[in-house]
Amino acid sequence: MPDLLIELFSEEIPARMQTRAAEDLKKLVTNGLVEAGLTYGSAAAFSTPRRLTLALGDMLAASPRTVEERKGPKADAPEKAIEGFLRGAGLTRDQLEERDTPKGKILFAMIEKPGRPAAEIVAEVLEQTIRNFPWPKSMRWGSGSLKWVRPLHSILCIMSAEDGAEVVALDVDGITSGDETRGHRFLAPEAIKVSSFEDYAAKLKRAFVVLSAEERAETIWNDATNMAFANGLEVVEDAGLLAEVAGLVEYPVVLMGQIADDFLGLPPEVLQTSMREHQKFFSVRNPKTGQIERFITVANRTTADNGATILAGNEKVLSARLADAKFFWENDLRTATSNEGMSAWVKSLENVTFHNKLGTQAELIERMAVLARELAPMVGADADEAEQAARLAKADLSSEMVYEFPELQGLMGSYYAKAAGKSDAVAAAAKEHYAPLGPSDDVPTAPVSVAVSLAEKIDKLTGFWAIDEKPTGSKDPFALRRAALGVIRILVENDISLHMDRFIDAQLVRNKGQSNGDLKANLIHDLVEEIAEHGVFGAAFKTVKARLAEGEGNAAFEALGEQVPDKSVDLLGFLHDRLKVYLKDQGIRHDIIDACIAMEGNDDLTLLVKRARALSETLSTDDGENLIQGFKRANNILTQAEAADGVEYSYGADIKFAETDEEKALFAALDKAEAAIAPAMAAQDFTTAMSAMAALRGPIDAFFDAVQVNSDNGTVRRNRLNLLSRIRTTCSSVADLTRIDG
């Protein structure tokens, strides 16, 4: 069984495209071969800046012979119908089989397809792959029709076996296949003839080409960390940069350079960002001071002077880049420490649109500041400090440094706030209020940061809900799913109990007011104040509406009263959906979460999570699992009896009518459970409440084993149905167990 080696050799492929391109080559070729009947034992794809390589092991030498059975018309069908079938099958009348079937005699054709040589199939599949390759960006080179990301120079395609290697012949726009490749552009540019993958990989390595991107990355990291360690320093980890640099070189040579003393006073993040974005340099840090002092660059070749010339050029270019960063830094510091301070930046945001229906960045900041102040007491923050932090958190969007490096927003704000003499809490909130940006990011924990971060995310969610810009399918252009998960994680991981309804309603009102010019500011203000007092939108709306004079903004205000409740319910449902995703990753089933969401107070996400976790733990036990069956049995019997009798059995179970020991034991167990569950639920001690509920499993099972609910005695029957009602009521006070699967 031969092995197959393919290499597509071109000008430099952008680093960000290489890994995906290698996988696409593997997928397209292997899928095409398998569809044609050629199977293989192993497949491996590789990429360097100038080549995509695919190696297949133990491939069939030819596709197998196949026989296809094709059903035709009836044997007595019109002659023209039979002739058409024969033409399609490529057979003569005497080659057809006539078979008896329930529908009569039917003609069948057995079409034999002989196997094809592997080389023929490989040539077809590879040409199709090259001509239809899914580059993110490609262009036509030269006069042919071929499109490729960069000029394609050669195609290596050979099948090798024990008796030698065979070139698979193909021609793509004048580029003919062969058995030659080339080594490093500068260190070994001559043609290299190869006979197998092992021969290919070994000769490339001797020609200063490391074929594996993983091996290049490992070499870079090991050499860089060893070099830094030898100087008492450490390399700042950057997995993304490491992967990118590994795609820029075929033969990595690690060099460490100096950063001029003039720039060592820049914040470490500025140095790191400037070097990473513009120069693709790794930052080298002094572990004692945390300061970035040197850089690592990766050359694509060795030189006679051991990289001295390369380093000198890089240091010169870096100095020019860092001079710009230093200029921005010093200008920003002058602004931040001036008499007007960071408020000058906030004022300039009056001219920057946040969203055309939600106003400017300055208006966003105003909403955040008001909301942060309202949230502050709930999260243990000082209200004045939380409001000040919210007003300054986005000020650095107007700074020169953030204009140059947008990824430093928030972080630079914290530096400028400190320079302006603001408190550590205010400075930290500028940096932390965007967090968490990803599922693995830490959430803010400082009270002021928590208040501002929640305000930012709640305003974003309610704002886009107010203007009907919700995520649809996989589309989420405003990252609202991320904002919702951020709210959930901040509340849950900081153990903050917060009723979201009030804040969602208030912020929806503010955002609807922002997007609806017909709503007067005083009405918005009054309604938000009433929401804060009543905690319920409906009552607040009625109170403010009663104050309105006839015709004074009534139409717009009535519309607000109709829209906000629906949007509020919808947004809370969206948060619940994101909570399901969050808890599913922790092993908690959707039906368990649904059982808890169905309970009152489900807008307190932290308590909702505690309830769901406690219920999940309870149902993981034998008692808990079996209790569900007992509960459902009781609920089903009760529901059917109430439907049949036309009454509700919800009161009056009396132990004096109990006839069996099992009935009496169930009365006692329910008394005990109710006595434990009620105070536990009031104290939000869900674990104790769930345990008390699970303890009912035994008495309920014993009751159903020994007692017939539908007794001939009407009084006894009613008493037993009312007893089942106590089971339903007691268990339902913990969670809606009707929503539990099973």
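In what follows, the accompanying structure is described. (Residues numbered from 1 in each chain as written. Predicted model: local features only at pLDDT ≥ 70, side-chain atom pairs only at ≥ 80, totals over all residues. Heavy atoms only, no water.)

Overview of the overall build of the protein chain
Keep this limit in mind: Helix and strand assignments come from DSSP, with helices taken as H or I runs of at least 4 residues and strands as E runs of at least 2, each series counted from the N terminus. The globule rule used here is 2.2 Å times the number of residues to the 0.38 power, and the radius of gyration it is set against is calculated over C-alpha atoms. Note on contacts: a residue pair qualifies if any of its non-hydrogen atoms lie within 4.5 Å across the two residues. Surface accessibility in these figures is a Shrake-Rupley result with a 1.4 Å probe; residues are shielded only by whichever protein chains are displayed. The positive count covers Lys and Arg only, the negative count covers Asp and Glu only, and His and the chain ends enter neither. One atom stands in for each charge, and that atom is NZ of Lys, CZ of Arg, CG of Asp or CD of Glu.
Across its full length, the protein chain carries 27 helices and 20 strands. Expected size for 742 residues packed as a compact globule is a radius of gyration near 27 Å; at 36 Å, the protein chain overshoots this value by more than 25%. Projected onto its principal axes, the C-alpha coordinates of the protein chain cover approximately 100 × 100 × 60 Å. Looking at the protein chain alone, contacts between residues at least 24 apart form 68% of all its contacts between residues at least 6 apart. Taken as a whole, the protein chain presents about 34,900 Å² of accessible surface, with 48% of it coming from carbon and sulfur. Treating the 83 positive side-chain charges of the protein chain as one cloud and the 114 negative ones as another, the clouds have centres 3 Å apart.

Description of the nonpolar core
Rules: Residues belong to one nonpolar core when they are buried, are Ala, Val, Leu, Ile, Met, Phe, Trp, Tyr or Cys, and are joined through side-chain atoms within 4.5 Å. Note on classification: 1.4 Å probe, protein chains only; a residue is buried when its accessible area is under 20% of the maximum for its type, exposed when over 50%, partly exposed between these limits.
Counting residues in hydrophobic clusters, the biggest one holds 154 residues, and the most contacted among them are Leu527 and Leu615. Discounting chain neighbours no more than four positions away, the residues touching Leu527 are Val509, Phe537, Ala540, Phe541, Val544, Phe557 and Leu560. Membership of the second largest hydrophobic core comes to 35 residues, among which are Leu52, Ala119, Ile121 and Ala123.

A closer look at unusual backbone geometry
Put simply, Ala435 and Pro436 share a cis peptide bond, and its omega is -5 degrees. Considering the arrangement of structural elements, one finds Pro436 in the loop between helix H14 (424-432) and helix H15 (447-466). The phi dihedral of Asp58 is positive, around 55 degrees, even though this residue is not glycine.

So, empty space enclosed by the protein
Formally: Any residue with an atom within 4 Å of a point lines the site, the site being either a cavity, points on a 1 Å grid over the protein atoms alone where a 1.4 Å probe fits but cannot get out, or a pocket, an open set with protein on both sides within 12 Å along at least 5 of 7 lines. Grid points are joined across faces, edges and corners, and a volume is the space filled by probe spheres set on the points. Three classes are used, and their members are as follows: Ala, Val, Leu, Ile, Met, Phe, Trp, Tyr, Cys and Pro are nonpolar, Asp, Glu, Lys and Arg are charged, and the others, Gly among them, are polar.
Counted by the stated rule, this structure contains one cavity of 30 Å³ or more. The space that makes up the largest cavity amounts to roughly 30 Å³. What lines the largest cavity is simply Val236, Asp238, Leu241, Gln272, Arg276, Phe281, Phe282 and Ser283. Split into classes, the residues belonging to the lining of the largest cavity amount to four nonpolar, two polar and two charged.

Description of the sheet that holds strand S18 (residues 292-299)
Selection criterion: In this analysis, strands are considered paired if DSSP registers two or more bridges between them.
Pairing is antiparallel across the open sheet formed by four strands, whose spatial order is S15-S17-S18-S16. Strands at the two margins of the open sheet, each flanked by one partner only, are strand S15 (234-235) and strand S16 (253-258). The pairing of S16 with S18 spans six bridges and is antiparallel. When the sheet's bridge partners are listed, Met256 is paired in S18 with Ile296.

Remarks on the layout of surface pockets
What the largest pocket holds in volume is close to 490 Å³. Forming the walls of the largest pocket are 19 residues, and the residues nearest its centre are Glu407, Gln409, Leu411, Lys431 and Leu437. Considering only residue class, the lining of the largest pocket consists of seven nonpolar, five polar and seven charged.

Quick notes on the sheet that holds strand S4 (residues 66-74)
Applied cut-off: Axis lines are fitted to C-alpha atoms, over the contacting stretch for helices. Their N-to-C directions set the angle, which ranges from 0 to 180 degrees.
Spatial strand order, S4-S6-S5: three strands in an open sheet with antiparallel pairing. With one partner strand each, in any of the chains shown, S4 and strand S5 (97-101) form the two edges of the open sheet. Put simply, the sheet's adjacent strands are angled 35 degrees from each other on average, direction ignored. Summarising the sheet, S4 and strand S6 (residues 104-113) pair through seven bridges and their orientation is antiparallel. Note on S6: the bridge partner recorded for Lys74 is Ile106. Sitting on the sheet, helix H2 (residues 79-89) is in contact with S4 and S6, with an inclination near 170 degrees to S4.

Some details on the pairing of strand S9 (residues 152-161)
The element S9 is largely enclosed, with a buried count of seven among its 10 residues. Of the strand pairs in this sheet, strand S1 (residues 3-10) and S9 are connected by eight bridges, and their pairing is antiparallel. Of the residues in S9, the one forming a bridge with Ser10 is Leu152. Across two bridges, the pairing between S9 and strand S12 (residues 175-178) is parallel.

Topic: the environment of Arg140
Let me state the cut-off plainly: Polar contacts, as counted here, are pairs of nitrogen or oxygen atoms within 3.5 Å of one another; within protein the pair requires one atom able to donate a hydrogen and one able to accept it, and residues that are adjacent in sequence qualify only if both atoms are side-chain atoms.
Secondary-structure assignment places Arg140 in strand S7 (residues 139-140). Between the C-alpha atoms of Arg140 and Asp685, which are 545 residues apart in sequence, the distance is 68 Å. If we ignore the near neighbours within four places in the chain, the residues touching Arg140 are Ser145, Leu146 and Lys147. Engagement of the side chain of Arg140 in a polar contact is seen with the backbone oxygen of Gly144, the distance being 3.4 Å.

Let's talk about helix H13 (residues 411-419)
When we look at burial in H13, the residues that qualify are Leu411, Met412, Gly413, Ser414, Tyr416 and Ala417. Residues of H13 that are buried sit in contact with helix H7 (268-279), helix H8 (308-336), helix H9 (343-348), helix H12 (400-404) and H14. Within two residues after H13, Gly421 carries a phi angle of roughly 85 degrees, on the positive side.

Some details on the side chain of Thr181
Position of Thr181 among the secondary structure elements: in strand S13 (residues 180-182). There is a polar contact of 3.0 Å between the side chain of Thr181 and the side chain of Arg51. In contact with Thr181, not counting residues within four places along its chain, are Glu7, Phe9, Arg51, Leu156, Glu190, Ala191, Ile192, Val194, Tyr200 and Leu204.

Re the packing of aromatic side chains
Using the following cut-off: Side-chain rings of Phe, Tyr and Trp (the six-membered ring for Trp) are treated as a pair once their centres are within 6.5 Å; stacked means planes under 30 degrees apart, edge-to-face means over 60, and tilted covers the remaining angles.
The final tally for this structure, using the stated rule, is 17 aromatic pairs. On the numbers, 5.2 Å between centres and 45 degrees between planes, the contact of Phe133 with Trp148 is tilted. On the criterion of sequence distance, the pair formed by Phe133 in the loop between helix H3 (118-131) and S7 and Trp148 in strand S8 (residues 147-148) is long-range, its members being 15 residues apart. With respect to burial, Phe133 and Trp148 carry one shared label: buried. Seen from their ring centres, Trp329 and Tyr415 are 5.9 Å apart, and the 90 degrees between their planes marks the pair as edge-to-face.

Some details on helix H5 (residues 213-230)
Our working definition: What a helix should span is 1.5 Å times the count of its residues minus one.
Between the first and last C-alpha of H5 there are 26 Å, a value that for 18 residues agrees with the 26 Å anticipated at 1.5 Å per step. Where H5 ends, the next residue or the one after it, Gly232, has phi of about 70 degrees, a positive value.

Brief notes about the pairing of S5
For S5 and S6, the ladder comprises five bridges, and the chain directions are antiparallel. Counted as the bridge partner of Glu98 is Leu107 from S6. As consecutive antiparallel partners, S5 and S6 are separated by two residues.

Any link to function would need more than the numbers given here.
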